[in-house]
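Letter by letter, the chains look like this.
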Amino acid sequence: MLRGGHRTSYWHQDCTNGNDKHYFAVAPTHQFGVQTVYYSAAVDTEKASYHGIAAPPTLGKSMSSAGRLSTQMRRAFSFLTMLAFLLVTLEFIMTRGSVVDPDIWWHLRNAEYLFQHHQFPRTDMYSFTVAGHPWINHEWLSEIPYYLAWRAGGLGGVDAVMFATISLIFLGLLYLSYMETRHFKAAIVACCFLTFIASVSFGPRTILFGYLYLVLLLVILQRFRQKGNAPLWLIPPLFCLWANTHGSWSLGLIVFSIITAAGFAQGSWGRVDAQRWTPSQMGKLAVTGLASVAALFVNPFGSRLVFYPFDMAFRQKLNISHVAEWVSVDFHDLRGKFVLALLLTLLVTALLRRTRWRLAELGLVLFALYSGLTYVRFLFLLAIVIAPVLTRILEFVPQYRPKADTPLINALVICLMIGSIIHYWPTSAEMQKSISEKYPTQALTYLKAHPPNGPVLNFYLWGGYLAWNDRDLKVFIDSRVDIYEYAGVLKDYLDLLNLSQSKSILDKYKIRYVLFPQPGGYSESALTYVLEHDSQWNVIYSDATTVLLERNAARTAT
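Residues numbered from 1 in each chain as written. Predicted model: local features only at pLDDT ≥ 70, side-chain atom pairs only at ≥ 80, totals over all residues. Heavy atoms only, no water.

K.L.:
I would appreciate a short explanation of the overall build of the chain in the present structure.
P.N.:
In terms of regular secondary structure, the chain is built from 25 helices and 10 strands. Counting only carbon and sulfur atoms, one obtains 62% of the accessible surface of the chain, whose full area is about 27,100 Å². (Helix = DSSP H or I, 4+ residues; strand = E, 2+ residues; numbered from the N terminus. Areas by Shrake-Rupley, 256 points an atom, 1.4 Å probe, with all protein chains shown as cover.)

This is how it looks when you write it as C-alpha cells:
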C-alpha cells in the first residue's frame with residue numbers, strides 16, 4: 001500500500017544471475033496514481049569482493065579469527081591478484097636481459113663522477129672532438145638508481161631497476177584504468193596489449209622514470225576529477241623531481257594543461273561533453289600549475305635545464321631527423337601492426353558505438369596519437385594515455401565473479417609465475433653474451449693491450465660503451481647527440497657515413513684508427529667496406545662484430 005507522497009523501494013535479486021541486482025522504485029503521480037521506474041545496474045563485484053561482500057559475516061556475530069584469515073587469504077590469492085602477477089610476468093618476458101641501450105654507459109659514468117667528486121660534470125670529458133665544451137647533465141637524478149644498482153649487482157642490478165620501474169608503470173596504469181571503468185579484467189587485457197606498443201622504450205633508460213611520474217600525475221588528476229579533492233600538493237614536488245630526472249617533464253606539463261583547460265568549458269558538442277570546474281577547483285589547479293612551473297627551476301643548472309626540451313625540439317634538427325627513435329611509426333614491423341590494430345579499434349568503436357567522450361579525454365588522446373605516430377619514441381606516452389579508453393572499449397570482457405573464484409589454484413599459478421621469474425632471471429654470463437653481440441668487447445681487449453697511437457673514429461652506438469670500459473680512450477662521438485650537434489661533429493659524422501667528403505673529414509680530425517662494425521652488420525658499415533679496399537688503410541684487428549683499421553703513418557702525418 002502506498003501512502004501520501006512517500007516513496008517505497010525494495011531490492012530484488014535476479015535468480016538467473018547471482019551478480020545482478022535490479023532496483024524498483026514506486027512513487028505516486030498526479031495523473032495515473034503510481035509510477036514504476038525500473039533501474040538495472042550490475043553490482044561492482046570486483047570492488048565488493050575486496051570489502052567482504054562476497055562472503056558477508058553472520059549478522060549479529062563477530063567473524064572468528066579463522067573466518068577472517070580465510071577471507072584475507074581469498075583476497076590475497078584472488079583471480080584479480082593472479083591477473084596482476086600475470087601482467088608483471090609479461091613485463092619480465094618483454095624486458096628480460098635488455099641491457100644493451102647505448103646511453104646507459106655514459107649515464108653510469110656521469111653518476112660515478114658525481115659520487116667520486118661530489119659535483120656535476122659541466123663540460124665534456126669523454127671525447128677528443130668536443131673536449132671541454134660546456135654541457136649539462138639534464139638527467140642526473142635518474143642515473144643514480146642505475147649506478148647504485150650496478151655497484152650492488154652489476155648488470156643484473158641494472159636489469160632489476162629497469163624491470164621494477166616498468167612493472168610499477170604498468171601496475172599504476174592498471175590501477176588508473178580500473179578506477180576509470182571498474183572493470184579489472186578489461187584493464188588487464190588493455191595493459192597487456194599496450195605492453196607491445198610501449199616496448200619501444202624498454203631498456204635501462206632514464207625516460208622510464210618520466211613515464212612513471214606521468215602515471216602518478218594522471219592518478220592524482222583522475223581522483224581530483226572524480227571526487228573533487230586530491231593531494232594536488234604532491235604535483236609541484238613531482239615536477240621538481242621530474243625536471244631533474246628527464247626532459248619528458250614537458251609532456252607532463254602539457255597533460256596537466258589539457259586536463260585543466262578542458263575544465264574551463266561547459267556544454268556538449270556531438271558526443272563530446274565538458275563539465276566546468278567549480279571556482280574552488282579552478283583556484284586549486286591554478287595555484288598547483290604555477291607552483292609546478294616554479295618547481296622546475298629547483299635544479300643544479302637553473303633555467304638552462306628547464307629550457308633544454310625546447311632546445312631539443314627547435315635546435316637539434318640533425319638529432320631528430322637521424323636518430324632512430326625519432327622516426328615515424330613503421331606499419332610494416334610488428335610494433336607498427338599493434339599500433340594499426342589500436343587505431344582500427346578506435347575507428348570501429350567510434351563508428352559503431354555511441355560512446356561519449358569527455359573533452360579532456362579527447363584532447364589527451366589526440367595529443368598522444370599525434371606524438372606517438374610522429375615519433376616512435378612517444379608510443380609509450382600513447383600507451384599510457386589510451387589505456388583507460390581501451391579498457392572502456394573492452395567492456396564486453398566478462399566481469400570478475402567472486403563466487404567462481406578458486407584461491408588455491410590462483411595461489412599455485414602465482415607461485416609458478418614467481419618461480420619462473422626467479423629461475424629465468426638472466427645470469428651475468430647471459431647478459432655479457434648479449435652485450436658482446438652488440439658491442440666491441442673483444443676489440444676493447446685488443447685496444448687495452450695495444451693502446452692506439454692517435455685519434456680513433458668509433459661507431460656512434462659504441463661511444464658510451466668504450467668510454468665507460470676504457471678510461472684512457474677518448475672517443476670521437478657517443479649518444480649524447482646534443483653536444484656533438486652544437487659543435488658540428490654530428491654533421492661530419494653523418495657525412496662520413498654517407499661517404500661524402502670522407503677523406504677530407506678524416507684528415508680534419510687526424511683520424512689514425514677506425515673502429516666500426518663489420519660490413520653488413522649496420523647500414524653505417526659501408527664506410528668499413530670502403531676503407532678495407534683503400535690501400536691507405538690496413539685491417540689490424542677483426543672479429544665477428546668489429547673491424548679495426550689503421551691508416552698508414554705517412555698519410556696521417558700529412
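Back to the write-up after that little detour.
K.L.:
When you look at helix α8 (residues 235–245) in this model, what are you seeing that I'm missing?
P.N.:
For the α-helix, the turn length of 3.6 residues means that residues three or four positions removed from each other point alike. α8 sits mainly inside the fold: nine of its 11 residues count as buried. Among the residues of α8, those classed as buried are I235, P236, L238, F239, C240, W242, A243, N244 and T245. Looking at the buried side of α8, the elements it contacts are α5 (140–181), α7 (207–227), α9 (249–262), α10 (279–295) and α11 (303–306). (Buried < 20%, exposed > 50% of the residue type's maximum accessible area, 1.4 Å probe, protein only. Contact = heavy atoms within 4.5 Å.)

K.L.:
Can you walk me through the packing of aromatic side chains in this structure?
P.N.:
By convention here, two paired aromatic rings are described through the distance between centres and the angle between planes. Under the counting rule described, the total for this entry stands at 36 aromatic pairs. Aromatic pair W150 and W468: ring centres 5.1 Å apart, planes at 80 degrees, arrangement edge-to-face. Placement of the pair is W150 in helix α5 and W468 in helix α20 (residues 463–469), with a sequence separation of 318 residues. Given the relative accessible area of 7%, W468 is considered buried. Centre to centre, the rings of F476 and Y509 are 5.0 Å apart; their planes meet at 80 degrees, and the pair counts as edge-to-face. Within this pair, whereas F476 is found in the loop between α20 and α21 (481–486), its partner Y509 is found in the loop between α23 (502–508) and β8 (513–517), the two being separated by 33 residues in sequence. Above the ring of Y486, the side-chain terminus of R315 is found at 4.0 Å from the ring centroid. When the ring centre of W135 is taken as origin, the NZ or CZ atom of R480, which lies over that ring, is 5.0 Å away. (Phe/Tyr/Trp six-rings, centres within 6.5 Å; stacked < 30°, edge-to-face > 60°. Lys NZ or Arg CZ within 6 Å of the ring centre and 35° of its normal.)

K.L.:
What should I look at first to understand α9 in this one?
P.N.:
When the terminal C-alpha atoms of α9 are compared, their 20 Å separation across 14 residues agrees well with the 20 Å that a helix rising 1.5 Å per residue should span. Among all positions in α9, only W249, S250, L251, G252, V255, F256, I259, T260 and A262 are buried. (Expected span 1.5 Å × (residues − 1).)

K.L.:
Hey, could you run me through the pairing of β8 in this one?
P.N.:
Remark: a regular strand shows side chains that alternate across the two faces of the sheet. For β8, the buried fraction is high: five of the five residues fall into the buried class. As defined by bridge partners, strand β7 (residues 456–458) adjoins β8 across three bridges and the pair is classed as parallel. In the sheet register, V456 faces β8, and the bridge partner there is Y513. Direction of pairing for β8 relative to strand β10 (residues 546–551): antiparallel, over a ladder of five bridges. (Pairing = 2+ DSSP bridges.)

K.L.:
Even after reading the chapter, I still don't get the sheet that holds strand β9 (residues 537–542), so can you show me in this structure?
P.N.:
Through backbone hydrogen bonds, the strands of a sheet pair up, either in parallel or in antiparallel fashion. In spatial order, the strands read β7-β8-β10-β9; together these four strands make up an open sheet with mixed pairing. Edge positions in the open sheet fall to β7 and β9, since each of these has one partner strand only. Strand-to-strand twist in this sheet, taken as the mean axis angle between neighbours without regard to direction, amounts to 25 degrees. (Axes fitted to C-alpha atoms, helices over the stretch in contact; angles between N-to-C directions.)

K.L.:
Looking at this model, I keep getting lost on the nonpolar core. Mind explaining?
P.N.:
Buried together is how nonpolar side chains tend to be arranged in soluble globular proteins. One finds F170 and L457 to be the most contacted residues of the largest nonpolar core, which totals 153 residues. With 17 residues, the top contributor of residues to this core is α5. Each residue touching F170, except ones within four places of it in the same chain, is listed here: L87, E91, C191, L194, T195, A198, F202 and F380. (Core = buried A, V, L, I, M, F, W, Y, C linked by side-chain atoms within 4.5 Å.)

K.L.:
Please explain the environment of Q518 as it appears in this structure.
P.N.:
Secondary-structure assignment places Q518 in the loop between β8 and α24 (526–532). Separated by 10 residues in sequence, Q518 and T528 have C-alpha atoms that sit 6.8 Å apart. When residues no more than four places from it in sequence are discounted, the contact partners of Q518 are S525, E532, S542, D543, A544, T545, T546 and V547. A polar contact of 3.4 Å, which involves the side chain of Q518, links it to the backbone oxygen of T546. (Polar contact = N/O pair within 3.5 Å; in protein donor to acceptor, adjacent residues only side chain to side chain.)

K.L.:
Is there a simple way to think about the pairing of β10 in this case?
P.N.:
With respect to burial, β10 is a largely interior element, six of its six residues being buried. Residue alternation in β10 divides its side chains into two sets, T546, L548 and E550 and V547, L549 and R551, and both sets are buried. For β9 and β10, the ladder comprises five bridges, and the chain directions are antiparallel. Note that in β10 the partner of Y541 across the bridge is L548. The turn linking β9 back onto β10 is made up of three residues.

K.L.:
What is the right way to read the pattern of salt bridges from this model?
P.N.:
Scanning the entire structure with this criterion turns up 19 salt bridges. Ionic pairing is found between R551 and D507, a salt bridge with its closest N-O pair at 2.8 Å. On the criterion of sequence distance, the pair formed by R551 in strand β10 and D507 in helix α23 is long-range, its members being 44 residues apart. For R551, a relative accessible area of 4% translates into the label buried. One salt-bridge network, in which partners are shared between bridges, spans E180, R225, R358, E361 and R392. (Salt bridge = Lys/Arg side-chain N within 4 Å of Asp/Glu carboxyl O.)

K.L.:
Would you mind showing me how to read the environment of L148 here?
P.N.:
Looking at the element boundaries, L148 is found in helix α5. Residues L148 and V158 lie 10 residues apart in sequence; the distance between their C-alpha atoms is 8.5 Å.

K.L.:
Can you help me understand the sheet that holds strand β4 (residues 267–269) in this one?
P.N.:
Strand order in this open sheet of three strands is β4-β5-β6, and the pairing throughout is mixed. Whereas interior strands pair on both sides, the edge strands pair on one side only; in this sheet they are β4 and β6 (357–358). Here β4 pairs with strand β5 (residues 272–274) via three bridges, running antiparallel. When the sheet's bridge partners are listed, G267 is paired in β5 with A274.

K.L.:
Please clarify how a nonpolar patch on the surface should be interpreted in this entry.
P.N.:
A cluster of nonpolar side chains, F331, L340, L344, L347, V348, L351 and L352, forms an exposed patch at the surface whose accessible area comes to about 690 Å². Relative to the helices and strands, L352 resides in helix α14 (residues 334–352). By relative accessible area, which is 68% here, L352 ends up exposed. (Patch = residues over 30% accessible without salt bridge, like charges linked within 9 Å, V, L, I, M, F, W, Y side chains within 5 Å.)

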